[in-house]
There are 2 protein chains.
Amino acid sequence: MSILVRDADIRRVRGLSCDDSSFAPQVADTRSVPTPQHSSTVLVVEDNPDLAYGLRNSLEIAGYTVAVAGDGVSGVEQARELDPDLVVLDLMLPGMDGYRVLRTLRDEGRAVPVLILTARGEEADKVLGFRLGADDYVTKPFGVLELLARIEALIRRTRHWRTPTAAPAAPVIERFGEVEVDVSARTVRRQGERIELTPKEFDLLIALLRRQGRVTSRNELLRAVWGYSASVVSRTVDTHVAELRRKLEPDATAPRHILTVWKVGYKFQP
Amino acid sequence: MSILVRDADIRRVRGLSCDDSSFAPQVADTRSVPTPQHSSTVLVVEDNPDLAYGLRNSLEIAGYTVAVAGDGVSGVEQARELDPDLVVLDLMLPGMDGYRVLRTLRDEGRAVPVLILTARGEEADKVLGFRLGADDYVTKPFGVLELLARIEALIRRTRHWRTPTAAPAAPVIERFGEVEVDVSARTVRRQGERIELTPKEFDLLIALLRRQGRVTSRNELLRAVWGYSASVVSRTVDTHVAELRRKLEPDATAPRHILTVWKVGYKFQP
DNA sequence: GGAGGCCTGACAATTTGCTGACAGGTCTGC
DNA sequence: GCAGACCTGTCAGCAAATTGTCAGGCCTCC
């Protein structure tokens, strides 16, 4: 893994003017250079300090504004606050792992491009990452120049729809029956009263909400919420569905929203 | 390199409805169901016939419309004519190489996403590819599922500026007589009133619907709905047909939609 | 070390579907 | 046109499959 790359190379990748002479304060330099493309913000969510430092450095040299989050929770928070142009996301994070970070962002309706950067190179991992809404997936060890090129490509691809519209970022709230779900705050109220859902319960609820009106098999729910594909052997999904019903349905024994479809799966109805 | 992948996996990558029961009618269904997501067109520019064939196959199973070009010049031409949603581009091409194809497309102002697929895995090659305007870069040997996931991600990312309105998954509804069937919700209404069908009944109804207008033998229905082929010894199919008639026909003794064809089987008529 | 979340596995409660027989229709050969 | 053979319609009960539910135990996080 070559974190050590000449600055000139890094600049070149971004297509900045590259006269090799400058060993001057690069950061200040690139900032003052009137880059035609207004400086984009990149959020790096990475718990390994060394790697985070290296990335920040490379990205700043390439002319980006960089923020670093050391764990999943602060990653989500900073993504909300900064509204970055791209997120570089490690999967192995303490606490909230990368998959969950990604899912949370997407559940909140954030379309920010996400590049997953991880040691997990199994094809299944990659497929899962893309399914959850990732835009690129780079495995360690990686070349910095390639990473920068991919970041550049992603930002290039997504720039035009960011500039024209200044999103007012309305809170995403879903309602059904006497329940309202604030997706970004991950809170649920029922008759105005706060209901506590566990993370899995909330994810499951969102997954059902996103598929409302359609029958969803346990397997699809497993993949969407738990992240793996396996023939359903245990009662995990059912257990959580039962818990959701208990917490959200007026009468858990006669559900009106979270319905069972025999031999197929579950279906959410508003 | 695993070109050989189960169809079910390939479908799953596109997020089509997927079910645990391996041989159940649901899987067969997905093939004929008009997928709500309008079929995207993928242009494959690849001179190796075997690889091109394999790609076309996988992509078609995944639900894409596929065009193949065997060299760079016809690749550019087809890109102009078809205006595809994505281009899979090999670099090593006879005549006009991939880089030049890419540059030509971009010079013409075509913003179509391009995924480079090549054996050249040097970082410098990748960086060059991205600089020329590629959106992704996959090196051989590659996993088909990963490639499909990347293609899906790219098309997902670029879909919105091709289709201005993002419709929230309109339900697929089939109608006949006074009955309407919502396939994805697995619900049936008759004169607007909800009719409860058991799983087998619903599957049988779908199977008949899919074969409307032509006679279907009990054996074929058995295979389609029950998943196994067996000479019909029991009255199973008939029983379920009777039940369907009772629930859906205005007069079950004089069916108008689910007709008996003597000594042959059944026929559905809208 | 405690608490909460999550999964597992068993048991109970439902729902579904198959079987097998009988009744009623339809067809074929005469 | 008739009789017998054959095919389809129908029914109800039991067996099997599926889901609801719960408590115990493992694990992670605080």
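Above: the structure in question.
Residues numbered from 1 in each chain as written. Chains lettered and ligands numbered in written order. Predicted model: local features only at pLDDT ≥ 70, side-chain atom pairs only at ≥ 80, totals over all residues.

Engineer: Would you mind showing me how to read the overall build of chain A here?
Structural biologist: Looking only at helices and strands, chain A features 10 helices and 12 strands. Sequence-distant contacts in chain A: of pairs separated by 6 or more residues, those separated by 24 or more amount to 57%. (Helix = DSSP H or I, 4+ residues; strand = E, 2+ residues; numbered from the N terminus. Contact = placed C-beta atoms within 7 Å.)

Engineer: Would you explain the protein's contact with DNA strand C in this entry?
Structural biologist: Around DNA strand C, 20 residues are found, and the nearest of them are T198 and S234 of chain A together with T198, K200 and S234 of chain B. Those elements that provide at least two residues to the surface near DNA strand C are α8 (199-210) and α10 (236-248) of chain A together with α8 (199-210) and α10 (236-248) of chain B. (Near = placed C-beta within 6 Å.)

Engineer: Explain the sheet that holds strand β3 (residues 86-90) of chain B here, please?
Structural biologist: Backbone-to-backbone hydrogen bonds pair the strands of a sheet. The strands run either parallel or antiparallel. Residues and elements named next belong to chain B. Spatially, the five strands line up as an open sheet ordered β2-β1-β3-β4-β5, and their pairing is parallel. Across the chains shown, the open sheet's two edge strands, defined by having one partner strand only, are β2 (65-69) and β5 (136-139). Each neighbouring strand pair of the sheet contributes to a mean axis angle of 20°, computed without reference to strand direction. Summarising the sheet, strand β1 (residues 41-45) and β2 pair through five bridges and their orientation is parallel. Across the sheet, residue T41 finds its bridge partner in β2, namely T65. Of the strands in this sheet, β1, β2 and β3 touch helix α3 (residues 49-61), which is tilted by about 165° from β2. (Pairing = 2+ DSSP bridges. Axes fitted to C-alpha atoms, helices over the stretch in contact; angles between N-to-C directions.)

Engineer: So what exactly am I meant to see when it comes to the interface of chain B and chain A here?
Structural biologist: The figure often quoted for interface size is the accessible area lost as the parts come together. Facing 28 residues of chain B, the contacting portion of chain A comprises 33 residues. Residue assignment for the side of chain B that touches chain A shows that the elements contributing at least two residues are α6 (123-131) and α7 (144-159) of chain B. Here the side of chain B that touches chain A gets eight residues from one element, more than from any other, and that element is α7 of chain B. Of the residues assigned to the side of chain B that touches chain A, the class counts are 12 nonpolar, four polar and 12 charged. (Nonpolar A, V, L, I, M, F, W, Y, C, P; charged D, E, K, R; others polar.)

Engineer: Can you help me understand the sheet that holds strand β10 (residues 215-217) of chain A in this one?
Structural biologist: Residue and element names in this part refer to chain A. Reading across the sheet, the three strands line up as β10-β12-β11 and stay open at both edges, with antiparallel pairing between neighbours. The strands lining the two open edges of the sheet, one partner per strand, are β10 and β11 (258-261). Averaged over neighbouring strand pairs, the angle between their axes works out to 35° when direction is ignored. Looking at chain direction, β11 and strand β12 (residues 265-268) are connected through four bridges and run antiparallel. Pairing of V261 across the sheet is with G265, part of β12. Here helix α9 (residues 218-226) sits on the sheet and contacts β10 and β12; the angle it forms with β10, its principal contact strand, is near 75°.

Engineer: Please clarify how the packing of helix α4 (residues 72-82) of chain B against helix α5 (residues 98-107) of chain B should be interpreted in this entry.
Structural biologist: Helices that pack against each other are described as a pair by the angle of their axes relative to one another and the distance between those axes. Residue and element names in this part refer to chain B. Contact pair α4 / α5: the axes reach a minimum separation of 9 Å and the direction vectors enclose 25°. Taken as axis vectors, α4 and α5 run roughly parallel relative to one another. For the pair α4 and α5, the sense of crossing is right-handed. From α4, G72, G75, V76 and A79 reach across to α5, where they touch G98, R100, V101, T104 and L105. (Parallel < 35°, antiparallel > 145°, perpendicular 65-115°, else oblique. Left-handed = near helix turned anticlockwise from the far one by under 90°.)

Engineer: Any chance you could explain the protein's contact with DNA strand D here in plain terms?
Structural biologist: Taken together, 23 residues sit near DNA strand D, with R235 and T260 of chain A together with R235, A242 and T260 of chain B positioned nearest. Counting only elements with at least two residues in the surface near DNA strand D, the list comes to α10 of chain A together with α10 of chain B. Of the residues assigned to the surface near DNA strand D, the class counts are nine nonpolar, seven polar and seven charged.

Engineer: Just to check I follow, could you spell out the environment of V68 of chain B for this structure?
Structural biologist: Following the sequence through the fold, V68 of chain B ends up in strand β2. Once residues lying within four places of it in the same chain are set aside, the contact partners of V68 of chain B are V44, E46, A52 and R56 of chain B.

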